[in-house]
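Residue-level structural notes
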Amino acid sequence: MMLRIPQVLSEQQLGEFRQVLLHARWMDGRATAGHQAVKVKDNLQLPVDAPEAKALGQVILQALERNPLFISAALPKKILTPRFNCYQSGQSYGAHVDNAVFGEQGERMRTDLSATLFLSAPGEYDGGELLVDDTYGSHSVKLAAGDLILYPASSLHRVTPVTRGARIAAFFWIQSMVRDDAERSLLFQLDNSVQQLNRELGGGHASCVQLAGVYHNLLRRWAEV
Ligand SMILES: O=C(O)CCC(=O)C(=O)O
Ligand SMILES: [Fe+2]
């Protein structure tokens, strides 16, 4: 499942991010690319241990914790501290699949979902579409600043060349409590339907109570905690 999560960051937060990122020390993104990705990766990145990256990463994590749509769709177990990248002057990232496992502070996590949080507005650059392949074809994603796209980490994806301006984004991975994309999508649909019914019938209605029970009992079957 691919899902857009709108307005993860406020206008004020975006302004603060821009100020910090404008003055940050960017490095060649190939330094953190894996064996295969290094051949197709051409962008800039903030060093993972840069103080700016750590501070802004925490702001994003706090925003995600309070975002009901993100929680419902991702059912997160672990979230890698967000990283920051920049594409300019024709830079791009060719087709690749992300690493299955990442390590951070001695802890390992499986990547079930990939996320890009757009920090530049679409009008600030040409190109820079994130193209994500699935069985329905290739989906082009270019979102408003502050919006996030969530997509299966198993997908082949790429970023087209940025031919004008600069595309700055945060990117990170999530290990979900529910590893299987199809099961997680079913839970998300069910959660949405239950919430809709709650609004229409009132939360105390017997069908709402029963369906909420089905949601929790499916989650109990499928969740790894
Ligand atoms: O810049 C993006 O939107 C995606 C970056 C990416 O695919 C990666 O770093 O693995
Ligand atoms: Fe990637």
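The structure presented is a predicted model; accordingly, all values stated were derived computationally and were not measured. (Residues numbered from 1 in each chain as written. Chains lettered and ligands numbered in written order. Predicted model: local features only at pLDDT ≥ 70, side-chain atom pairs only at ≥ 80, totals over all residues. Heavy atoms only, no water.)

Focus: the pattern of salt bridges
- Tallied over the entire structure, the rule returns nine salt bridges.
- With a closest N to O distance of 3.2 Å, R18 and E124 form a salt bridge. Taken as a pair, R18 in helix 1 (residues 11-22) and E124 in the loop between strand 10 (113-118) and strand 11 (125-127) lie far apart in primary sequence, 106 residues in all.
- For R18, a relative accessible area of 33% translates into the label partly exposed.
- As a salt-bridge pair, E224 and R110 come within 3.7 Å of each other at their nearest N and O atoms. With a gap of 114 residues between them, E224 in the segment after helix 5 (206-222) and R110 in strand 9 (residues 107-110) connect regions that are remote in the sequence.
- Salt bridges sharing common partners tie together R110, D112 and E224. (Salt bridge = Lys/Arg side-chain N within 4 Å of Asp/Glu carboxyl O. Helix = DSSP H or I, 4+ residues; strand = E, 2+ residues; numbered from the N terminus. Buried < 20%, exposed > 50% of the residue type's maximum accessible area, 1.4 Å probe, protein only.)

Some points on empty space enclosed by the protein
- A complete count under the given rule lists one cavity of 30 Å³ or more for this structure.
- Considered as a void within the structure, the largest cavity measures approximately 30 Å³ in volume.
- Lining of the largest cavity is provided by V48, A53, K54, T81, P82 and R83.
- For the lining of the largest cavity, the per-class residue count stands at three nonpolar, one polar and two charged. (1 Å grid on protein atoms, 1.4 Å probe; cavity = no way out; pocket = protein on both sides within 12 Å on 5 of 7 lines; lining within 4 Å. Points joined across faces, edges and corners; volume = space filled by probe spheres on them. Nonpolar A, V, L, I, M, F, W, Y, C, P; charged D, E, K, R; others polar.)

Overview of the UniProt feature "binding site: 2-oxoglutarate" (unreviewed entry) in the chain
- The UniProt record annotates "binding site: 2-oxoglutarate" (unreviewed entry) at R167.
- As for its placement among the helices and strands, R167 is situated in strand 16 (residues 162-176).
- Setting aside residues no more than four positions away along its own chain, R167 makes contact with N85, C86, Y87, T116, F118, S120, Y125, G128, L130, V159 and V162. (UniProt positions renumbered as here; feature names shortened; annotations may be inferred. Contact = heavy atoms within 4.5 Å.)

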